[in-house]
Amino acid sequence: MPTYRIRNMAVEFPYAAYDCQIDYMAKVIEALESGSNALLESPTGTGKTLCLLCASLAWLKSMEAKDDKEPEVEQLKWLGGGHS
């Protein structure tokens, strides 16, 4: 599995990532680090859900490694389009 260094974090991604996916994951990590909201959009089929999961897991692992405990996360909201 390829690992990408994004915002100084090792992000494992199951495929070779496109530039837009790396940018998306960087924005997810940036929002998590700053504790701010992020409104991210990308066309259908670009791997938004996978990018969100991989970036979020990398951030959680990073926080656990720093603190040796679970990070406090108020709430992670997913406003995905999906199919209806």
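All of the points below concern the structure found in this document. (Residues numbered from 1 in each chain as written. Predicted model: local features only at pLDDT ≥ 70, side-chain atom pairs only at ≥ 80, totals over all residues. Heavy atoms only, no water.)

1. With respect to helix 1 (residues 19-34)
For an α-helix, the turn length of 3.6 residues means that residues three or four places apart are oriented alike. Where we set the bar: Numbered from the N terminus, helices here are DSSP runs of H or I no shorter than four residues, and strands are runs of E no shorter than two. Multiplying 1.5 Å by the helix residue count minus one yields the expected span of that helix. Contact criterion: two residues are considered in contact whenever any of their non-hydrogen atoms come within 4.5 Å of each other.
The terminal C-alpha atoms of helix 1, which comprises 16 residues, lie 23 Å apart, in line with the 22 Å expected from a rise of 1.5 Å per residue. The inward-facing, buried residues of helix 1 abut strand 1 (3-6), strand 2 (9-12) and helix 2 (48-67). Downstream of helix 1 by one or two residues, Gly-35 has phi in the positive range, about 70°.

2. Quick notes on unusual backbone geometry
Threshold: For every residue, the accessible area (1.4 Å probe, protein chains only) is compared with the maximum for its type, and the residue is labelled buried under 20%, exposed over 50%, or partly exposed between those bounds.
Within the chain, Arg-7 stands out as a residue other than glycine whose phi angle is a positive 50°. Within the secondary structure, Arg-7 is located in the loop between strand 1 and strand 2. Phi at Asn-8 is positive, roughly 65°, even though this residue is not glycine. Here Asn-8 is to be found in the loop between strand 1 and strand 2. By relative accessible area, Asn-8 is classed as exposed at 61%.

3. Things to note about the environment of Leu-40
The residue Leu-40 is located in the loop between helix 1 and helix 2 in this model. For Leu-40 and Tyr-24, which are 16 residues apart along the polypeptide, the C-alpha to C-alpha distance reads 7.5 Å. Here Leu-40 is in contact with Tyr-24, Lys-27 and Val-28, once residues within four sequence places are set aside.

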